[in-house]
Structure formats: structure tokens, C-alpha cells
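Per-entry structural report
Spelled out from the first residue to the last, the chains are:
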Amino acid sequence: MIYNFSAGPAMLPAAVLKRAQEELLDWQGLGISVMEISHRDPAYVRMARQAEQDLRELMSVPDDYHVLFLHGGGRGQFAAVPQNIATSSATVDYLDSGIWSGYAIREAEKFVGRVNVVGGRVQTEQGTAIAPFEQWQLSDDAAYFHYCPNETVDGIALHQLPTQVTAPIVADMSSNILSEPLDVSRFGVIYAGAQKNIGPSGFAIAIVKQSLLTQPQQQVSTIMDYAAQAADGSMYNTPNTFAWYLSGLVFQWLKEQGGVAEMGRINAAKAALLYDFIDKSEFYQNRIHPDFRSRMNVPFQLINEQLDAEFLRQAEQQGLMGLKGHRFVGGMRASIYNAMPLAGVQTLVEFMQHFAEKNG
Ligand SMILES: *Cc1c(COP(=O)(O)O)cnc(C)c1O
């Protein structure tokens, strides 16, 4: 049994992969694979629209939002957002809560007049936190406010909605989309690269409030143009047909599991199990303030870094894969997205306990 804790491209539900395997050579009785059919074919279009419908249902997306299936992963949206939602002279507000926020800021700087960083991380006695709302330096005239509610590399999360923000809220949910219930109506744009919690890499989903597309904007390449993609049903050019199909299978699987409410319960239980164990241990540590800990990406360090390599070696021997931390931060990271069952986290904790007893 392998449990894959990779941050992304990440584990997919086994049932989804099995279904894709079964259908690979003969999709819907057509005798060819889903990758070999026109995206204009009625069978393909039906599947694509069903996937959109299932995502709308899972996230309770209001009718005045477009659901777009796009190219270029999460970073593609770093460029698409400022081009679609702001003019080239606009001011935009960004929260700088971690590595992915930083990349989004540097990309936005190419397309707008000014990127105002409203705040970022702060060190507290209980660990790294995000600056409290009262300290944010919001601008009066921002075209939008952008943040990343779950920083995949840092393992830091903003669990509360930034309700004091009056500009349209844009959220990079690449690593936490569909992980718990969410009020979509509070957002202007929600986007996600697919490879953490949805499907294959290179693919992205954007949920965009229609009224934002009637505001003044700059010239935008058509492939990234939300309005053009919405008008064409996300088929302005040939979409990544396989990624769309596989994402659709994941949405079906999520519905069978009980949707995002059930996912939220399981994800909370998984995260609590792992953090509680780390906090009680004198062998491992996590440096994020408890209120700001990610439920999707759990970074942890061995107090004795000398043992890192041996920890990873033995973990892999036990079938626990992908635990090496990001190259920028080192240590370990367990990514526990929707596809990771509770049993996977239990197995990880048992291994960590055993390793600590032998080496502590
Ligand atoms: C992985 C990730 C990205 C980048 O996704 P790509 O598809 O590699 O461009 C952006 N934001 C967050 C929060 C991520 O986790």
C-alpha cells in the first residue's frame, strides 16, 4: 500500500484512476479514447458540461458566476487576473502571506500601475501568523484584493474570510479548493491550478463573477480572456480535453463521498490527528501559529535535522511517499488533500512515532 503525500501534482482518488483506466481505450462505447475525440463532439460536450454542472453543485456556485476551464495552471491565473479585472494603471491590493502570494504579486506588477501589499506574515510567540485584519493597509481605490487562503509551501492558511475588504476578493485556491464548504458569493474570482485537489497539471479552473467582466480592463490575450472564454464555453481554443474529463471524474467522486461538507469533516480530522501528534512530540515540530495552520499542507521538522535523510528513506520503504519539504524551506511536508484517506494519515503518524522511539 502506497500513500502519496506529494504537494502537487498530487495523489488522485484510486477509484478515479481505475475508472479512467477502464475507459482509456473505449470511451462511452465509441471505440476510441476520450483524448482522440473532437471537443465539439456532442458526447464530449455533454461530458464537459456535466463536469461544470457537478462543480457548480459541489461549490453551490451562484448563477451569476462563470465557471471556466482554462490553460496554464495556477501561474497562468497570476497573469490572467490583473489583465481581466484591472486596467493597466490600476492599483490592486495583495496580501503577502507566503511563497505563492509572492509569485502572484511579482506577476501582477507587470500588468497594473501599482501593487499595494497590504500586509503579510508576522512572528508571534506561538509561531508564524498572518497580520491581523486591523493592521492591513488597504487602498481606497483597489480594483481588487488578492490573497492565497492556503499557502501550499509554507503551510500557512487564512481560515477566516477577509470580510473588511470592500474591493472584489480574488482568491488563489489552488491547494484548498473543494476541501471544505465555502460561500462563493463573497468572492469576485476564485481560481485554482488543478493538480493539487482536482486533476492533472497544466489545467486551471476560474470561477468569475459576471459583473466584474463589464468593468474597464486592459487588452488581454484571448486565450486568457475570461469574457471570451465564457462566451465560448471555455472552448475558444482546444481545451485540455483529458484534464477536463479527469477533473469531471473527480467531481463525481466527490459527490459520491458526500460533497465538500463531508470532505471538510474528514480533512479537519486528518489535520488534527497530525498536528496533535507533532505538538505532543519532542522529536518533531511545526512552526505555524495554531490558528493559521493549513489543513492541506502540513510542514514539519525533525528537531535533529541530521536524521532527515534517514527519515525519508525509511518512510519510502514503508510506502509513505512525497514527504520531502519544498526546496525553499527544507524539512518535511505532508500534503493531505481530499484524495488522502484518514488511514493514510494514521499510517504516517504511526511511522513517525515509531521512528521517534527508535531515534529519540
Ligand atoms: C501549485 C500552486 C500554484 C502554481 O500552480 P502551477 O500550476 O504550477 O502554475 C499557484 N498557487 C498555489 C497556491 C499553488 O499551490
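Residues numbered from 1 in each chain as written. Predicted model: local features only at pLDDT ≥ 70, side-chain atom pairs only at ≥ 80, totals over all residues. Heavy atoms only, no water.

The name given to the chain in an unreviewed UniProt entry is Phosphoserine aminotransferase, with Idiomarina xiamenensis 10-D-4 as the source organism. According to the UniProt record, the Function (unreviewed entry) comment for the chain reads "Catalyzes the reversible conversion of 3-phosphohydroxypyruvate to phosphoserine and of 3-hydroxy-2-oxo-4-phosphonooxybutanoate to phosphohydroxythreonine." (UniProt positions renumbered as here; feature names shortened; annotations may be inferred.)

Overview of the sheet that holds strand β9 (residues 169-172)
Pairing is mixed in the open sheet, where 8 strands are placed in the order β2-β11-β10-β9-β6-β3-β4-β5. Of all strands in the sheet, those bounded by a partner on one side alone are β2 (65-71) and β5 (127-130). Within the sheet, the average angular offset between the axes of one strand and its neighbour, ignoring direction, is 20 degrees. Sheet topology note: the strand β10 (residues 189-193)/strand β11 (residues 203-209) ladder contains 5 bridges and is antiparallel. Of the residues in β11, the one forming a bridge with tyrosine 191 is alanine 206. (Pairing = 2+ DSSP bridges. Helix = DSSP H or I, 4+ residues; strand = E, 2+ residues; numbered from the N terminus. Axes fitted to C-alpha atoms, helices over the stretch in contact; angles between N-to-C directions.)

Side note on the sheet that holds strand β13 (residues 297-302)
Read from one edge to the other, the open sheet built from 3 strands follows the order β12-β13-β15, with strand pairing classed as antiparallel. Where the open sheet ends on each side, the last strands, each with one partner, are β12 (284-285) and β15 (332-335). Of the strands in this sheet, β12, β13 and β15 are in contact with helix α7 (residues 259-280), which crosses β13 at around 20 degrees. (Contact = heavy atoms within 4.5 Å.)

Brief notes about the packing of α7 against helix α9 (residues 342-359)
Contact geometry for α7 and α9: axes closest at 9 Å, N-to-C directions at 10 degrees. In this view, α7 runs roughly parallel relative to α9, as classed from their interaxial angle. In this structure, α7 uses Ala269, Lys270, Leu273, Leu274, Phe277 and Ile278 to contact α9, whose residues at the interface are Leu342, Val345, Gln346, Leu348, Val349, Met352 and Gln353. Per-class residue counts for the contact of α7 with α9 are 10 nonpolar, 2 polar and 1 charged. (Parallel < 35°, antiparallel > 145°, perpendicular 65-115°, else oblique. Nonpolar A, V, L, I, M, F, W, Y, C, P; charged D, E, K, R; others polar.)

Concerning α9
Relative to the 26 Å expected for 18 residues at 1.5 Å per residue, α9 spans 26 Å between its end C-alpha atoms, a close match to the ideal helical length. Residues of α9 that are buried include every one of Gly344, Val345, Leu348, Val349, Phe351, Met352, Phe355 and Ala356, and no others. End-on, the buried residues of α9 take up no more than an arc of 165 degrees, which puts them together on one face. Away from the buried face of α9 by more than 90 degrees, exposed residues Glu350, Glu357 and Lys358 are located. (Expected span 1.5 Å × (residues − 1). Buried < 20%, exposed > 50% of the residue type's maximum accessible area, 1.4 Å probe, protein only. Arc of directions from axis to C-beta.)

Details of empty space enclosed by the protein
Following the criterion strictly, the structure yields 1 cavity of 30 Å³ or more and no others. Estimates place the volume of the largest cavity at around 60 Å³. Every residue along the wall of the largest cavity is listed here: Met11, Leu12, Pro13, Lys196, Asn197, Ile198, Gly199, Val250, Trp253, Leu254, Asn338 and Ala339. For the lining of the largest cavity, a count of residues per class yields 8 nonpolar, 3 polar and 1 charged. (1 Å grid on protein atoms, 1.4 Å probe; cavity = no way out; pocket = protein on both sides within 12 Å on 5 of 7 lines; lining within 4 Å. Points joined across faces, edges and corners; volume = space filled by probe spheres on them.)

Concerning the domain arrangement of the chain
Accessible area lost when the parts come together is the quantity often used to give the size of an interface. What the domain assignment lists for the chain is domain 1 (15-257) and domain 2 (259-359). Distance from the C-alpha centre of domain 1 to the C-alpha centre of domain 2: 27 Å. Between domain 1 and domain 2, the residue contacts involve 31 residues of the former and 27 residues of the latter. Roughly 2400 Å² is buried in total at the junction of domain 1 and domain 2, and carbon and sulfur atoms are behind 57% of that figure. Taken together, the connections running from domain 1 to domain 2 amount to 1 salt bridge. For glutamate 180, the salt bridge goes to arginine 295, with nearest N and O atoms at 3.0 Å. Joining domain 1 to domain 2, the criterion identifies 15 residue pairs in polar contact (both at pLDDT 80 or more). Put simply, the parts of the chain that give the side of domain 1 that touches domain 2 at least two residues each are α4 (99-108), β5, β8 (156-157) and α6 (241-257). (Domains from an automatic or database assignment. Buried area = accessible area lost by both parts, 1.4 Å probe. Salt bridge = Lys/Arg side-chain N within 4 Å of Asp/Glu carboxyl O. Polar contact = N/O pair within 3.5 Å; in protein donor to acceptor, adjacent residues only side chain to side chain.)

Quick notes on helix α1 (residues 14-23)
Buried within α1 are the following residues: Val16, Ala20 and Glu23. An end-on view of α1 places all buried positions within 70 degrees of arc, on one side of the element. The exposed set on the far side of α1, more than 90 degrees from its buried face, consists of Ala14, Gln21 and Glu22. Close packing links the buried residues of α1 with α6.

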